[in-house]
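# Fold and contact review
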Amino acid sequence: MSNSMKGFRCWSARSVRETVYSDIGALPSGADAVFLAAHSPMSLAHPKGEQQPDSDSDERQVLDALLSGIGDEDRNTLIAVTGGSGAGKSHVVRWVHAHLDRADEGYHVLYVPRAVQTIRELLRRIVVGLPGDGGEEFMERIDAAVGNTGPAELQDRLLEEMRFALNWALEPQLPRDGESEKEREAREERNSLLGDADELGKRRNGLADLLALPPVNRVLLRKEGRLHRFVASVYEETSRRDGEQEKFEPEDLPLRETGVLRALAGNADLKGLWEIVRYDPAPALDLLDEALRKAVPRALGMRTSGSGVTLDELFRRSRQLMRRQGKELVLLFEDLAQFGLIDGELYDQFATQPGADLAPLRVVFAVTDAPYNKLPETVQTRITHQFKIESSALADREAFVARYLNLVRVGRKDVESAWSRVQGDSTEGWVRNACNTREDGLPCRVRDECHAGFGTVEVSGLGRVGLYPYNDVAVRRSLNNRGKDATPRDILDVCVSETLIEAEAHIGRGTYPHDRVRDRFDFTIRRSKDTILAGHTGEQADRLFRALVVWGDESSLNSIVADAFSLEVPAGREPVSPTPPKASPPEPNPAEKPVPLRPSPLPQLFQWQVGDRLPDSETDLYRDLLYQLVRSRLDLEYALFHTASGEGARILNEIFNRTSFDFGKDARGRRAGTGKVLFSIGRDDDTIRVLAAARWFYDNGHWVPENGVWPWPEGYNPFDLMVGLECRLDDWADQVRTAFIERVRGRGLARAAVGARAVALIAAGLSPASVQRVDDVMTAGAPASTPATPSWAAADRAARDILLNPSIRDLVGEVAAVRQGDTGAAELVDAVELEEGLKQALRAPVVFLRNVVEEFREAAPVLAGSADSLVTAVEQAAPGQLHEIGTAVEALVLGLQGQEPAAVARKAREVGRRALDSGFFRPADGWSAFSDALETLESVPAGLPLDQYVSDRQHEASDALTTQHWTRVAVRGAGALEVIRRSMMATRLECERSDGVSGNLDQQAQDVRQKLGQAREHLHALGSAEEENNG
Amino acid sequence: MAEGIPQWIEETRVAVDRAGQADRAQMDFDALTTASEELGQVLPSLVELHNAAELGRGVWWTGLDVDSGLLADLDEAQTALDTRHQALERRKLTNVARRLTRMEPRLRESVMAAWKEYVASQAGDAAELRDLMQVLSGAEGIADVARQLNEALGRLARLERRLPDARSLEVLDEVCALFGLLEGRLPAAVKTFVSAAARGGASLELVDAEVREWLIDNGALQNFRAVPGRPQEVRHG
């Protein structure tokens, strides 16, 4: 009889916490045993430095390189271990540290693990680790600088030191030989940002001056800013990963605040600099980083202007002491980035070569690629070796996990005990295999069942390690879930720590795999949930579903696994053999070349059913195909609603579109709002079947499983899918149809369009008698009659807008007409219902328009808006218009005195012409206006109902509207008559002024006659001399 | 109100008609006023010319061909004004007055030309004669006459530029008398020469040795010069 594994666990949450450290920085420095027990050898490239003979490709070559330098008194050894974040660099340094011989008198080791978090602690660690004196004084000064100062004050001091650095300490960079154009530009930009030195050497109008501006100052000192974070790291431990490179960010400057420009008013130079910074803040942020680096040692008291001990001095003293002792100084830094803003002190030491009074340095440090490339040239050129992590411990991911599975089973105490026994003599084989030794050195009692049901992994130095609680599928899905680029840290955090701790509790309670398993593992499925469960329901259904997916790969569940997880194997799912041989695929017949099927798109749908997010493209596609399928069965044309284009399409689209299918909150895009048709697409089995059916039919156009372009979904019946889809589509189409008809109020919208056009025609000057039939209304254009009077102009414009709007006219054809023929144009209008609407409009036009506005504000906003404009304009114009009409009628009655307008005009023209000829016409320059007025008056038809027009103003707006066809002529004629009358009056006055002669005409004639006689006498005398003489 | 015409139009029509008549009367009056003014300006000049012509009638004024059309128009205009019942022909009246005005300078020029010609025929070139008289005013025996003649010639020169009147004729007579007295006091040969020279020029044959000596003795040689051509015929009245 085999042993049951029900509820079995060979680890505990405590053992996990004691042994699994994803962050090497969090691993206590004395925990080498735990560290080494789970250590997986790594592969390192050696791109720089001499290779040691017989050197391996793993971390041992780093140790060899370090040890090979020892004894060389003339040179330092700098070894950089580089790689991406989480690749295992710190592990390598830690491994080297664990394998250095502590008893060796030839060197002194200063080891700084990643666990050191604050700058104070880091400095303390260095000071304590360095032999020699002076450290105490140094730390006292640091403690005084930090301890006697609050964070806010230190932050402000830092900022002032940065300004000092920018104004004085940072030097302009000089051109370098061979610098690229880009480098030259960057250098010049930096120098420009520093500002110009004045006569005293202080820089003016540079970045330092900008930092002094209150808005800039405030943002730099804000909470969560770069300075704030740094100061926090001085006082308290803060989490930090080596991938995180602290630096100033654009948010550290008030780039979008207008207050800066106000503060800069009057300083054109500084304003110009600020504009440059705003345009591209990156160079300024780099310079701020540079300034902060200068400022930190001063603000923290590491450098003094006096004679105090500095970090450099401490290093020198140590090296001098060790030289005297014949020792060397080994520095091991798990993360060089820890030194951050004080790394300059360290780099100075790296660059200081040993001599007669200085011991050499042997340094191994880990650093990520980006900072490594940015190391100062003085350090770069002195790097002796660079080792680059190529493939990490994850080269064999199952083995990597298995080492930890074994470690948590063995436990920390056991491991430390074993390590203490071997202590550096062996790098492999000192850790026991828990599966084989768990029962007091004997194999675990369920080993055979466990290894058979969950499988094993061969691990170098350990042998076969059981995968429990994983099996091969589960470990694959777990690792896959972390992604292709997962780091060891990622895998340890989730695949080992979290998974094991959770599993331990849930297996014990019989609730494993619990709901979160779906997040811990790759939960990709290819079949629907109900297919996978094959109808199994009940309280275990969800747990069983998760187990079937993660451990059973959607097909079958090993009985041992089911037993361990307290699951009952469902009917129809017989226990399979513990290690089911994978059936090899049948050999294809070379003669048959089946058309390759596309992969099924349904797994994404099934994945969505179990909680994943449906990809946006899939959501869009399902929305689209459902929309098209429902749209195609609306059949609104039968009810004379044309929705293929135009207003009908717009109205339909407003209430029903792709957003009507709501795939839940996590789906892309908005969901249809209020007043719209909304279909909630749930993740229930029925809806999933409808979606699968819709997708199949959409892609294939038939229900024949064998002829699909992708495989028929396993577990589904074609007939069931078809019927389910049809029923659902019909239901949805019914809802849409009902909503549409409600929206257009049956024929109400068409009636509104006809009525609105009729009112518009009347308002534009057409007689109500001429728009009594629907056909008249639909065919009549905007009348080109007498222009509206000024008081009616706005109403006339609004009316013409309606008449010229094709969408309003087309409404009738789209919601109340039969469309047929080649063009599909509206052929036959449902006139019966429309005539009734027309009558209402003509009977009470203003009330009708108001109703249109109210009823169709949402369904037909263009029509409702136009109607609103018209009725508003009519109501606003009516009082003025009626007053205008009243005045005009009065003027016409008075002026025409019962005569026809044309006859009066003719007479006035005759008199005016005579006055013009005799020079009496007035105004003297008014003939043209008079003549125009005569023409206007002549055009006024006889028989205007002037006498019938009474001041009955009970329906002001309607009265003004329905009399437009004659009143605008009357108003115009009255205006012309007024011009004519004024001219006549002025002319008459002029004539009366001219009636009389200014002197005595007869007397003047007598005088002239006499003078003429005298003149004749003299002429005669002058001409007749000879005659008289002769005579 | 006239039938079929609104009252306001009819009132205007009446006013226009009435004002038209008044306007014509005013234009007649204006035309008469203008003609009267123009005639008033030209009449004094015609009176002057008439008087001058009267003085010279039969002596130096032989009459002028006056435009008969103008005389006829004057008659017609006069007649028209006599009968005021017909419309005044304002244009014709204006035309007549204007033609009279334009004729006046021509009449004046004719009268003046006739007068000047007459003076020259009686007293020669008065200016040149005065020069000679100034030279001879120192000559023995003729000095007093020469001085008186010089003064008379001065007065005649001023009067010669105006229409002649009775005073102008008196001065001309005085000049002629004094010149005769002067001639009477000269040697015979000199008298012939001076008389010819003073009245249009003497031929070189008249300048003999006696004349030349006399001219040199009296310092008058420089008052004569030889010019090509024949001496002018001088009429003696």
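Structural data are supplied above this passage.
A brief structural summary. No experiment lies behind these values; they were computed from the predicted model shown.

### Here we look at the overall build of chain A
Helix and strand counts for chain A stand at 46 helices and 14 strands. Of the contacts made within chain A by residues no fewer than 6 positions apart, 74% connect residues no fewer than 24 positions apart.

### Considering the side chain of Arg988 of chain A
Its location among the elements puts Arg988 of chain A in helix H44 (residues 964-993). Arg988 of chain A sits in the buried class, given a relative accessible area of 18%. In contact with Arg988 of chain A, not counting residues within four places along its chain, are Glu11, Thr12 and Ala15 of chain B.

### Considerations on unusual backbone geometry
Residues and elements named next belong to chain A. For the bond running from Tyr468 to Pro469, omega is 10°, close enough to zero to count as cis. If you trace the backbone, Pro469 turns up in the loop between strand E10 (463-466) and helix H23 (472-481). Notably, Asp553 is not glycine yet its phi reads approximately 55°, a positive angle. With respect to the helices and strands, Asp553 occurs in the loop between helix H27 (541-550) and helix H28 (559-564). If you check the backbone angles, Glu554 has positive phi at about 80° while not being a glycine. Structurally, the position occupied by Glu554 is in the loop between H27 and H28.

### So, the interface of chain B and chain A
In this complex, chain B contributes 56 residues to the contact, which on the side of chain A involves 49 residues. Roughly 4700 Å² of surface becomes buried between chain B and chain A when both sides are summed, with 69% attributable to carbon and sulfur atoms. Among the residues of chain B in contact with chain A, Trp8, Phe29 and Arg57 of chain B are the three that bury the most area, contributing 15% of the side total. The interface formed by chain B and chain A contains three salt bridges. Among the salt bridges present, the one from Arg988 of chain A reaches Glu11 of chain B, with a minimum N-O distance of 2.4 Å. Contributing elements (two or more residues each) for the side of chain B that touches chain A: helix H1 (7-56), helix H2 (68-82) and helix H3 (90-123) of chain B. Here the element with the most residues in the side of chain B that touches chain A is H1 of chain B; it accounts for 30 residues. Looking at the side of chain B that touches chain A, its residues break down into 33 nonpolar, 13 polar and 10 charged.

### Considering helix H6 (residues 135-147) of chain A
Residues and elements named next belong to chain A. Look at H6: 17 Å from first C-alpha to last across 13 residues, which is about the 18 Å you get at 1.5 Å a residue. Along H6, the residues classified as buried are Gly135, Phe138, Met139, Arg141, Ile142, Ala145 and Val146. Buried positions in H6, seen along its axis, are confined to an arc of 155° and lie on one side of it.

Procedures and definitions
Residues numbered from 1 in each chain as written. Chains lettered and ligands numbered in written order. Predicted model: local features only at pLDDT ≥ 70, side-chain atom pairs only at ≥ 80, totals over all residues. Heavy atoms only, no water. Helix = DSSP H or I, 4+ residues; strand = E, 2+ residues; numbered from the N terminus. Contact = heavy atoms within 4.5 Å. Buried < 20%, exposed > 50% of the residue type's maximum accessible area, 1.4 Å probe, protein only. Buried area = accessible area lost by both parts, 1.4 Å probe. Salt bridge = Lys/Arg side-chain N within 4 Å of Asp/Glu carboxyl O. Nonpolar A, V, L, I, M, F, W, Y, C, P; charged D, E, K, R; others polar. Expected span 1.5 Å × (residues − 1). Arc of directions from axis to C-beta.

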